[in-house]
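# Topology and contacts: notes
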Amino acid sequence: MTQKLDNVRRLYLEGIRDGHARAAVEACTGDRYTQHSTGVRDGVEGFVEFFEPFLARNPVREIEIVRAIEDGSYVFVHAFQSLNGGEARWVTTDLFDTDTDDKIVEHWDTIAAFVDDTVSGRTQIDGPTEITDLNKTDANKSLVTEFVTEVLQNGKGERTTDFVSTETYHQHNPQVGDGLEGLQVFMMALAEQGQAMVYRHIHTVIGQGNFVVTYSEVDLAGTEMAVFDIFRVHEGKIVEHWDNMEPVPPRSEWANSGKF
């Protein structure tokens, strides 16, 4: 485990799961801590101000970091949270930037409720976690970037099979079935309802081996969404997909500079 990943895990597990918010954020962050979780102010005091009441409201906290991906100064984690014996269950996706000392200096996130009944039968967090094919990181990042740009942003659906496997495509979005057919059914259902999902801007692409993550600004039926997509690539094709999304709240509710 690298020092930057250790700092992220400490902030998450010691700070939030174990309830040592101030000690963890002071130990793991750098000269600044720029925050994009819109309800949280920048800096150490913003973190403490938000999480101390959270810890008091939720005395029983189970947190599991399911996936962790590193790319340069960035660390991404895919986590599951169960609060107060399952009273609330959340899937969280978090992107951290770090400084030259591997201390955390910036954070973006999305959070969504855990769903029991999914179209594919897969959960939002299950599936492979092992990072492989480190020598293919750059190629896999290029593949996913072109897929998101051409298909999801520019609407060139006819190019989907240039990027996504026609044989295996495991889906973890609760509303979408496995395979290309599942994706097509979902998109057609949106169209029939007079809705659309348009990727307006891709803010960040990071990858490590067979996993690539994108953070994007998405228009979903007129609602601005912050969306993390996680792709698993095998032999030059996308074979698995997880996502996590959250509506961007009105600017009047931001405690910082916003989701992006």
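Our subject is the structure that appears above.
### Quick word on the overall build of the protein chain
- In terms of regular secondary structure, the protein chain is built from 6 helices and 10 strands.
- Relative to its length of 260 residues, the protein chain is compact, with a C-alpha radius of gyration of 18 Å against a globular reference of 18 Å.
- For the C-alpha atoms alone, the extent of the protein chain along its principal axes is close to 50 × 40 × 35 Å.
- The burial tally for the protein chain puts 51% of its 260 residues in the buried class.
- Long-range pairs, those at least 24 residues apart, make up 55% of the contacts in the protein chain between residues at least 6 apart in sequence.
- Approximately 11,900 Å² of the protein chain is accessible, and the part contributed by carbon and sulfur atoms is 47%.
- Each charge sign in the protein chain was given a centre, from 22 positive and 44 negative side chains, and these centres are 2 Å apart.

### Some remarks on the sheet that holds strand β10 (residues 237-247)
- In spatial order, the strands read β6-β10-β9-β8-β7; together these 5 strands make up an open sheet with mixed pairing. Only two strands of the sheet have a single neighbouring strand rather than two, namely β6 (170-171) and β7 (197-208).
- Pairing between strand β9 (residues 223-234) and β10: 10 bridges, direction antiparallel. Looking at β10, one finds that I230 is bridged to W242.
- Each of β7, β8 (211-220), β9 and β10 is contacted by helix α4 (residues 137-153), which is oriented at about 175 degrees to β7, the strand it contacts most.

### As for empty space enclosed by the protein
- Enumeration according to the criterion identifies 1 cavity of 30 Å³ or more in this entry.
- If you add up the space inside the largest cavity, you get close to 160 Å³.
- If you go around the largest cavity, you meet 16 residues; those closest to its centre are L183, M197, D229, H241 and D243.
- For the lining of the largest cavity, the secondary-structure elements that each account for two or more residues are α4, α6 (179-192), β7, β9 and β10.
- Residue composition of the lining of the largest cavity, grouped by class: 11 nonpolar, 3 polar and 2 charged.

### What about the side chain of T98?
- Among the secondary structure elements, T98 is positioned in strand β4 (residues 88-98).
- A distance of 2.7 Å separates the side chain of T98 from the backbone oxygen of S73, its partner in a polar contact.
- Residues in contact with T98, not counting those within four places in the same chain, are K4, S73, K103, I104 and V105.

### Quick look at the packing of aromatic side chains
- Throughout the structure, instances matching the rule amount to 12 aromatic pairs.
- Here the aromatic rings of Y74 and W108 are separated by 6.4 Å at their centres, their planes lie at 50 degrees, and the arrangement is tilted. Of this pair, Y74 sits in strand β3 (residues 74-83) while W108 sits in strand β5 (residues 104-113), placing them 34 residues apart in sequence.
- By relative accessible area, W108 is classed as buried at 9%.

### Considerations on the sheet that holds strand β1 (residues 29-35)
- The sheet built from 5 strands is open, its strands ordered β1-β5-β4-β3-β2 with mixed pairing. Bordering the open sheet on either side are β1 and β2 (61-71), each of which pairs with just one other strand. Direction aside, neighbouring strands of the sheet carry axes that sit 25 degrees apart on average.
- Of the pairings in the sheet, the one linking β3 to β4 comprises 10 bridges and is antiparallel in character. If you follow H78 over to β4, its bridge partner there is T93.
- The sheet contacts of helix α1 (residues 3-17) involve β1, β2, β3, β4 and β5, and relative to β2 the element is tilted by about 165 degrees.

### Here's the deal with the layout of surface pockets
- Volume-wise, the largest pocket comes out at about 450 Å³.
- Lining the largest pocket are 26 residues, with S37, F50, F51, D109 and I111 positioned closest to its centre.
- Listed by contribution, the elements that provide at least two residues to the lining of the largest pocket are α1, β1, α3 (43-57), β3, β4 and β5.

### What about the side chain of E106?
- Topologically, E106 is positioned in strand β5.
- A distance of 3.3 Å separates the side chain of E106 from the side chain of R32, its partner in a polar contact.

Calculation notes
- Residues numbered from 1 in each chain as written.
- Predicted model: local features only at pLDDT ≥ 70, side-chain atom pairs only at ≥ 80, totals over all residues.
- Heavy atoms only, no water.
- Helix = DSSP H or I, 4+ residues; strand = E, 2+ residues; numbered from the N terminus.
- Rg over C-alpha atoms; globule rule 2.2 N^0.38 Å.
- Buried < 20%, exposed > 50% of the residue type's maximum accessible area, 1.4 Å probe, protein only.
- Contact = heavy atoms within 4.5 Å.
- Areas by Shrake-Rupley, 256 points an atom, 1.4 Å probe, with all protein chains shown as cover.
- Lys, Arg positive; Asp, Glu negative; His and termini not counted.
- Charge placed at Lys NZ, Arg CZ, Asp CG, Glu CD.
- Pairing = 2+ DSSP bridges.
- Axes fitted to C-alpha atoms, helices over the stretch in contact; angles between N-to-C directions.
- 1 Å grid on protein atoms, 1.4 Å probe; cavity = no way out; pocket = protein on both sides within 12 Å on 5 of 7 lines; lining within 4 Å.
- Points joined across faces, edges and corners; volume = space filled by probe spheres on them.
- Nonpolar A, V, L, I, M, F, W, Y, C, P; charged D, E, K, R; others polar.
- Polar contact = N/O pair within 3.5 Å; in protein donor to acceptor, adjacent residues only side chain to side chain.
- Phe/Tyr/Trp six-rings, centres within 6.5 Å; stacked < 30°, edge-to-face > 60°.

These figures capture arrangement, not role.
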